[in-house]
Amino acid sequence: MVTSSSNATATVGSPGDPPGGGPGAAPPQPGRLAGLGRVLSANKSLVGLLVLMALVSLYSPNFLTVDNLLNILRQTSINAIIAFGMTFVILTAGIDLSVGSVLAFTGAVCASLVAANMSLWVAIPATLVLGAALGATNGVIISVGGVQPFIATLVGMTALRGATLVFTDGRPIGTIDGASADAFWAVGGEYVFGLPVPVLIMIGVFLLCWFVLSHMRFGRQVYALGGNEQVARLAGIAVGRAKVAVYAVSGLLAALAGIVITARLESAQPTAGTSYELDAIAAVVLGGTSLMGGRGTLFGTLVGALIIGVLNNALNLMDVSSYYQMIAKGAVILLAVLVDSRSKASGA
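All values reported here derive from a predicted model rather than from experimental measurement.

1. Details of helix 7 (residues 149–168)
In step 1: If you check helix 7, its first and last C-alpha atoms are 28 Å apart, about what 20 residues at 1.5 Å a residue would give, namely 28 Å.
In step 2: Considered for burial, the residues of helix 7 that qualify are Pro 149, Ala 152, Thr 153, Gly 156, Leu 160, Arg 161, Thr 164 and Thr 168. Seen from one end, helix 7 has its buried residues packed into an arc of 160 degrees, which puts them on one side. Away from the buried face of helix 7 by more than 90 degrees, exposed residues Val 155, Thr 158, Ala 159 and Val 166 are located.

Below you can see the structure in the form of structure tokens.
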């Protein structure tokens, strides 16, 4: 005797139904490939860095040696420190073209203090305060004077470059004869735990800036300013004060970079820092921070700085002329911006 069950027949889907049930079944969940695609999309800069390193290692067996990797990190540290400060500025939809000139001027001042046998416990903090003051001046001109960041920092870049040439009389200032010469050199040339001191400084600055942006009220204000300045003002944020603070951070970190590079070279060059602002901006953009503000991460900036460092190192290993290196760097930056713009358009 054959019996039928309505319950059984109710669960049987028609031949046209999708796998997993009848018309009322839930749609299939995204697969692992879709999840992987989202992860790769969110970390395009890191993926690009790893691909670049893999390609260079295939061309040059010396690329992945410990000495060469440490050399890349040491060379990247200066740009990364400046770029961390630039990240604060660009997150507010601003720009700071004066960081290279701040580096040169503060480096010259620091070198003169060291050469005058001043204690490093005084010379270095005084230089950092000077850098913060120069950056804050840009912030005041922008927030109080209503001048566009591009113009205000362009003026700062030009004026400080001239001030550096006047201060140094166009000649390098050496630091090898002072009583603190050896200790000062250690800031830029010594190794600790097998790592160059500039790399350790870069890591320390990264962790501090990451904490500020991710876990402090000031960091939330920075993102809010870049997202919508009017809304931030209505939310009670002191917009002018926040802008001054942001540019002060940029100036302070540019001064820190100036100290490190002056210590490493044991002299302050009047032309130091030329075009460093462009490398810093490139690192921030390569890291995925939007030039419109409000979106970006400090880790992305670190990856962007490493991309530039690896690219420079790779072109040197390939004996590519410095003229072509500039073209290659520009092409990579343009490609990164185009990819980022395309992903934004797709997301919209």
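There is more to say, and it comes next.
2. Some remarks on empty space enclosed by the protein
Summary: where empty space remains is shown by rolling a probe the size of a single water molecule over the atoms.
In step 1: Inspection of the entire model under this criterion finds one cavity of 30 Å³ or more.
In step 2: If you add up the space inside the largest cavity, you get close to 50 Å³.
In step 3: Lining the largest cavity are Leu 103, Ala 104, Gly 107, Ala 108, Gly 258, Ile 261, Thr 262, Leu 265, Ser 267, Ala 268, Gln 269 and Ala 272.
In step 4: Broken down by class, the residue content of the lining of the largest cavity amounts to seven nonpolar, five polar and no charged.

3. Things to note about the environment of Leu 315
In step 1: Inspection of the secondary structure puts Leu 315 in helix 14 (residues 298–317).
In step 2: The spatial distance from the C-alpha of Leu 315 to the C-alpha of Ala 328 is 8.8 Å, given a sequence separation of 13 residues.
In step 3: Apart from the residues lying within four places of it in its own chain, the contact partners of Leu 315 are Val 320, Gln 325 and Ala 328.

4. Things to note about the pattern of salt bridges
In step 1: Under the criterion given, the structure shown has three salt bridges.
In step 2: The partner of Arg 171 in a salt bridge is Asp 169, with the nearest N and O atoms 3.1 Å apart.
In step 3: The salt bridge involving Glu 229 is made with Arg 233; its shortest N-O contact spans 3.1 Å. Separated by four residues within a single helix, Glu 229 and Arg 233 lie in helix 11 (residues 229–234), roughly one turn from each other.
In step 4: Looking at Glu 229, the relative accessible area reads 25%, which means it is partly exposed.
In step 5: Exposure remark for Arg 233: the relative accessible area of 42% places this residue in the partly exposed category.

5. Notes on the packing of aromatic side chains
Two aromatic rings are characterised by how far apart their centres lie and by the angle between their planes.
In step 1: Here the structure, examined in full by the defined rule, presents three aromatic pairs.
In step 2: Ring centres 6.3 Å apart and planes at 20 degrees place the aromatic pair Phe 88 and Phe 218 in the stacked group. Here Phe 218 lies in helix 10 (residues 217–227) and Phe 88 lies in helix 4 (residues 66–91), a separation of 130 residues in the sequence.
In step 3: Both rings, one in Phe 105 and one in Phe 167, keep their centres 6.1 Å apart while their planes meet at 65 degrees; by these two values the pair is edge-to-face. On the criterion of sequence distance, the pair formed by Phe 105 in helix 5 (residues 99–115) and Phe 167 in helix 7 is long-range, its members being 62 residues apart.
In step 4: Classification of Phe 105 by relative accessible area gives buried; the value is 15%.

Conventions and cut-offs
Residues numbered from 1 in each chain as written. Predicted model: local features only at pLDDT ≥ 70, side-chain atom pairs only at ≥ 80, totals over all residues. Heavy atoms only, no water. Helix = DSSP H or I, 4+ residues; strand = E, 2+ residues; numbered from the N terminus. Expected span 1.5 Å × (residues − 1). Buried < 20%, exposed > 50% of the residue type's maximum accessible area, 1.4 Å probe, protein only. Arc of directions from axis to C-beta. 1 Å grid on protein atoms, 1.4 Å probe; cavity = no way out; pocket = protein on both sides within 12 Å on 5 of 7 lines; lining within 4 Å. Points joined across faces, edges and corners; volume = space filled by probe spheres on them. Nonpolar A, V, L, I, M, F, W, Y, C, P; charged D, E, K, R; others polar. Contact = heavy atoms within 4.5 Å. Salt bridge = Lys/Arg side-chain N within 4 Å of Asp/Glu carboxyl O. Phe/Tyr/Trp six-rings, centres within 6.5 Å; stacked < 30°, edge-to-face > 60°.

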